[in-house]
Every structure is written in structure tokens, then in C-alpha cells.
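# Examination of the molecular architecture
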Amino acid sequence: MATSKEMTAGPALPLILKFTLPLLLGNLLQQTYSLVDAAIVGKFLGINALASVGASTSVVFLILGFCNGCCGGFGIPVAQKFGARDYSTMRSYVSVSLKLSLGMSVAIAVITSIYCADILRMMRTPENIFEGAYAYLLVTFIGVPFTFFYNLLSSIIRALGDSKTPFWFLLLSTILNIVLDLFCILVLGWGVAGAAIATVISQGLSAVLCYIYMYRKFDILQSSPKERRFQPKLAKTLLYIGVPMGLQFSITAIGSIMLQSANNALGTACVAAFTSAMRIKMFFICTFESLGIAMATYSGQNYGAGKPERIWSGIKASALMMVIYAAFTFVLLMVGAKYFALIFVDPSEVEILAKTELFLHISCMFFPTLGLLCILRYTIQGVGFTNLAMFSGVAEMIARILVSLYAVPAFGFIAVCYGDPMAWIAADLFLVPAFIYVYRRLKKQVFTTANV
């Protein structure tokens, strides 16, 4: 029988580290989806096909980022009620979140599929890769409900202190993804669309298995008919927390779309280099994202338990782990960036390899700013201040738009390389004072409650 775990007592560092490790492995597996897609496409279908996959990367982040943000937000009230040991309300939140997710994911899939071609034209996608980019993006949009539900179920299970269970299902689906990639592309000859189909099927299987396991193995989630009823008041709370988190990702992605659109105008070689560099970068920054997600659950539980001082302890512990990892990654990418790029393209593609290496060298120098961003943003979200955290996404968006409009036309691809780092710095300039404000509010609330 699966067990839930509270993080409201004991040293912060080992608790967060133990919770983060399976979460990190799961995130790495999710990025393996992207790496496998891009590697197989690039090696077997060529540079134009690789550029087709990458031409819509930021659009995928816009849509799936909104979905994943909502899912993370839906898990926050679950974590808070779990920390407060209000298990009946917690189960009601779970039930309502599943119903909301069904309606939202289907609506998103339909709307984005209809406007798929228009989105690619707005992004100035080169004509020689348009058809492949459309096929890949359309299949991805159709599969939105699978992605939505897997991330929601994983968020709920993590809210109960269990970060291991989602990992095992994701491991299975990753292996399936690799097999289906090869089968759809090499055997069936479905090209770029085959890579997307393989990913959608794999994520759908993860969602189904996660749902079956969750309700069979977690006794704490066994609900009564009353708890399974749709409750508008709880739905409003979930949307109040989840939608700003989703919008935060979407707002961030708008800046990324502008940046990618500016990069697309530089030609196929720059698109291919951007694609391979982003895949590698996303793989290595999983640790920062995992630490952030762990802090959302950790801070949510301790907020529910009325222990804000433990939130500050968690910040310090996660920051220490982040700095150590950032230093390790800096050395690894400064030395090995070019070799990682060879996963996607042949050694003869000298220009693409050089641009990929440049992008990664610049990015890894700013990884500590990204790590701080993830820790602070998710902590603020975990205690329920999602609207405040959303404004850090606005700061990122503005920074990327300014780089896209003014720096890229003037300086070319090197300006694209600085787009993300400038956005991370802008977000941190907002998040540091925002966290100080939130932490003071939490301490004041506890003090007031203790003296009532």
C-alpha cells in the first residue's frame, strides 16, 4: 500500500533532497522524451526535420506550460489541506480538480488544433520546414489531455509527499517512447509526426497507469459520494491558484515565442542550433525545476501546518544544493557542450555545432540565477501567492521581448543566446523582494493566530 509523507518536521535538507531525487529523475525522463525525439529525427530524417521539431518549441511551452502550471496549482490546496490534516476537504479538492481538468484540457486541445497553422505562420516559420512543423505541433496539441492528466495526477501524489510513484510510471513510458519513436519513424515511415505520436501515446499510458494506481493504493484518497460532488467554492479556489500559475508559464512563453520568432528569421541553421541547444539546456536545468517543485510541496505543507520558519530553512537548504549543482554543470557544459551537440547532428555540420556550443556556454554561466528563480517562485506559489509569482513571468516576458525586438536584429544569433539569461535576471529582481514580503506576511499571520 502506498504511503503519504509529511514534511512538517525534521531537518529540511535531507527531507527536500529525498523528495527531489525521484522528482528529478522523473523530470529527466520527461526531457528524455524531447532528447529522443530530436536525436532520432536529426540523425535519421536530417537537419530540416530537426528544425521542424524545434520551430514550434516555444509554442509547445506556451500551451503545455499553461497546462502544467494549472496542474501544479491544483496540487497546492491538496498539499495545504494534507499538511493541516483536513483529509476530507483534501479529497474534495482532488475530485473537483479532476473534473476541471477534463473540461479545460479538451477545450485547449480543440482550440489550439484549429489555429495550429496560423500560429506557425505568425512565428515566421521557414517554408521548407513548415509542413513538418505543422504535423508535429498538431499531434502535440491533440495529445494535450494526456499531458494534462498525467501532470495533474503527479501533482496530487507529490502533494501527499510521494515523489517516487510518478517516476516509475514515467520510466515505463519513456522506454515505450523510445521504442515507438524508432517504430513510427523507421518502420512506419511517419516522419516528424511519428515522433509526436510516440510521445503522446507514451504520456497517455503514464496518465492511465497513474490514475489506476493512485486510487487503488492510496487509502487516504478513498472518498465518499459527498466528497466526490462538484463544489463550486472549491473549484473557484483551485482556479484562483491554478490559472495564475498556468498564466505565469504562458506569459513567460510569450517572450520565448518572440525570441524564437526572431531566431527563425535568421535561417534554418540557427533554428537547428537553437533546437539542439534548447534540448540539451532543458535536460540540464531539470534539477532547478525539480528543486522548485519540491519547495512548492514543502512550503505548502508547512504553510498548512502554520510553520513559516521551516519555509526559510527549506530555502537555505535548497539554495545550497542549487549552487553545488550549478557549479558542476558549468564545468561539464563548458568542456562538453560540443560533444553533446553531436547527439543531434553530424560532425560535418560545423556551423550548427559552433552555434549550439555558444548558446550552451552562455546559458550555463547564468544557471545560478535560474536556480534562485525556481526556488523563490515555487515557494511563493506553494504558500498560495500565485498572483504575485505570476508577475515574475511578466518580467521574463518583457526581457525576452526587448532582446527579440532590438538585440537580435542588431547582433544576430549571439543575442538569442542571451535572451533567456536576461529574462532570468529580470525575474530575480522581482522575486527577491517579493519573497521577503511574502515571508513577513506569513510570520505576521502565525504571530496573530498565536495571540488570538
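Scroll up to find the structure.
To start, this report covers the structure provided alongside it. (Residues numbered from 1 in each chain as written. Predicted model: local features only at pLDDT ≥ 70, side-chain atom pairs only at ≥ 80, totals over all residues. Heavy atoms only, no water.)

### Re the overall build of the protein chain
To keep things clear, this is the line we draw: Helical segments are the DSSP runs of H or I of at least four residues, strand segments are the runs of E of at least two, and each set is numbered from the N terminus. For the radius of gyration, the atom set is restricted to C-alpha positions; the globular benchmark scales as 2.2 Å times the number of residues to the power 0.38. To sort residues, take the accessible area from a 1.4 Å probe on protein chains only and compare it with the maximum for the residue type: under 20% means buried, over 50% means exposed, and anything in between is partly exposed. Residues are treated as being in contact if the distance between any of their heavy atoms lies within 4.5 Å.
Check the secondary structure of the protein chain and you find 18 helices and 0 strands. In terms of overall size, the protein chain behaves like a compact globule, its C-alpha atoms giving a radius of gyration of 21 Å where 452 residues would be expected to give roughly 22 Å. For the protein chain, the C-alpha atoms occupy an extent of roughly 70 × 45 × 35 Å along the three principal directions. Per-residue burial for the protein chain yields a buried fraction of 60% across its 452 residues. At a minimum sequence separation of 6, the contacts of the protein chain that also span at least 24 residues come to 86%.

### Notes on the environment of Ile414
Following the sequence through the fold, Ile414 ends up in helix α17 (residues 413-417). Along the sequence, Ile414 and Ile343 sit 71 residues apart, while their C-alpha atoms lie 22 Å from each other. Those residues in contact with Ile414 that sit more than four places away from it in its chain are Leu358 and Ile362.

### Let's talk about the packing of aromatic side chains
Selection rule: Only rings of Phe, Tyr and Trp enter the pairing, Trp through its six-membered ring, and a pair is recorded when the two centres are within 6.5 Å. The plane angle decides the type: under 30 degrees is stacked, over 60 is edge-to-face, the rest tilted.
Inspection of the entire model under this criterion finds 13 aromatic pairs. With 5.4 Å between their ring centres and 75° between their planes, Phe288 and Tyr325 make a pair best called edge-to-face. Of this pair, Phe288 sits in helix α12 (residues 286-304) while Tyr325 sits in helix α13 (residues 308-341), and the two are 37 residues apart along the sequence. When its relative accessible area of 18% is taken as the criterion, Tyr325 is described as buried. With a centroid separation of 5.7 Å and an interplanar angle of 70°, the aromatic rings of Phe288 and Phe367 are classed as edge-to-face.

### A few points about the state of the cysteines
Let me state the cut-off plainly: What counts as a disulfide here is a pair of cysteine sulfur atoms lying within 2.5 Å.
The tally for this structure, following the rule as stated, stands at 0 disulfides. The thiol of Cys71 is unpaired, and the distance to the nearest cysteine sulfur, on Cys67, comes to 6.8 Å. The buried category is assigned to Cys71, whose relative accessible area is 1%. With no disulfide of its own, Cys210 lies 11 Å from the sulfur of Cys71, the closest cysteine sulfur.

### A short note on the packing of helix α6 (residues 127-142) against helix α9 (residues 191-217)
As a reminder, the rule being used: Throughout, an axis means a line fitted to C-alpha atoms (over the contacting stretch in the case of helices), and angles, computed between N-to-C directions, take values from 0 to 180 degrees. Note that the term roughly parallel is reserved for angles under 35 degrees, roughly antiparallel for angles over 145, roughly perpendicular for angles of 65 to 115, and oblique for everything else. By the definition used in this description, the sense in which the near helix is turned from the far one sets the handedness, with an anticlockwise turn below a right angle giving left-handed and a clockwise turn giving right-handed. Three categories are distinguished: nonpolar for Ala, Val, Leu, Ile, Met, Phe, Trp, Tyr, Cys and Pro, charged for Asp, Glu, Lys and Arg, and polar for the others, with Gly belonging to the last.
Two elements in contact, α6 and α9, have axes separated by 8 Å at closest approach and are oriented at 15°. By the criterion of interaxial angle, the relationship of α6 to α9 is roughly parallel. Here α6 and α9 pass one another in a crossing that is right-handed. Within the contact between the two elements, α6 uses Gly132, Ala135, Tyr136, Val139 and Thr140 and α9 uses Val192, Ala193, Ala195, Ala196, Ile197 and Val200. Residue composition of the contact of α6 with α9, by class: 9 nonpolar, 2 polar and no charged.

### Focus: the pattern of salt bridges
As a working rule, side chains carrying opposite charge can pair if their charged atoms are close by. This is how the line gets drawn: Just to be clear on terms, a salt bridge is a Lys or Arg side-chain nitrogen sitting within 4 Å of an Asp or Glu carboxyl oxygen.
Counted under the stated rule, the structure contains 5 salt bridges. Between Asp118 and Arg121 there is a salt bridge, and its shortest N-O distance comes to 3.8 Å. Of this pair, Asp118 and Arg121 both sit in helix α5 (residues 116-122), 3 residues apart, roughly one helical turn. Taking relative accessible area as the criterion, Asp118 reaches 39% and is therefore assigned partly exposed.

### Some words on the nonpolar core
Note the following rule: The set of buried Ala, Val, Leu, Ile, Met, Phe, Trp, Tyr and Cys residues whose side-chain atoms join them within 4.5 Å is what this entry labels a nonpolar core.
Counting 68 residues, the largest nonpolar core has Ile16, Phe288, Phe359, Phe367 and Ile380 as the members making the most contacts within it. Beyond its immediate stretch of four places on either side in the chain, Ile380 contacts Phe385, Leu388, Ala389, Leu431, Ala434, Phe435 and Val438. In terms of nonpolar packing, the next biggest core, distinct from the first, is built from 53 residues, Leu64, Val96, Cys210 and Ile220 among them.

### Some remarks on the side chain of Thr329
Position of Thr329 relative to the elements: it lies in helix α13. Not counting the four nearest positions on each side in its chain, Thr329 is found in contact with Phe284 and Phe367.

### Things to note about a nonpolar patch on the surface
Note the following rule: For patch detection, residues must exceed 30% relative accessible area and be free of salt bridges, and they are connected within 9 Å for like charges or within 5 Å for nonpolar side chains (Val, Leu, Ile, Met, Phe, Trp, Tyr). Using a 1.4 Å probe, the Shrake-Rupley method yields the accessible areas, and only the shown protein chains count as cover for residues.
Judged by side-chain polarity, Phe330, Val331, Met334, Val335, Leu358, Met365, Phe411, Ile414, Tyr418, Met422, Ile425 and Leu429 come together as a nonpolar surface patch covering roughly 1,100 Å² of accessible area. Of all elements in the fold, only α13, α14 (350-365) and α18 (419-450) reach the threshold of two or more residues within the nonpolar patch. At 4 residues, α13 tops the list of elements feeding residues into the nonpolar patch.

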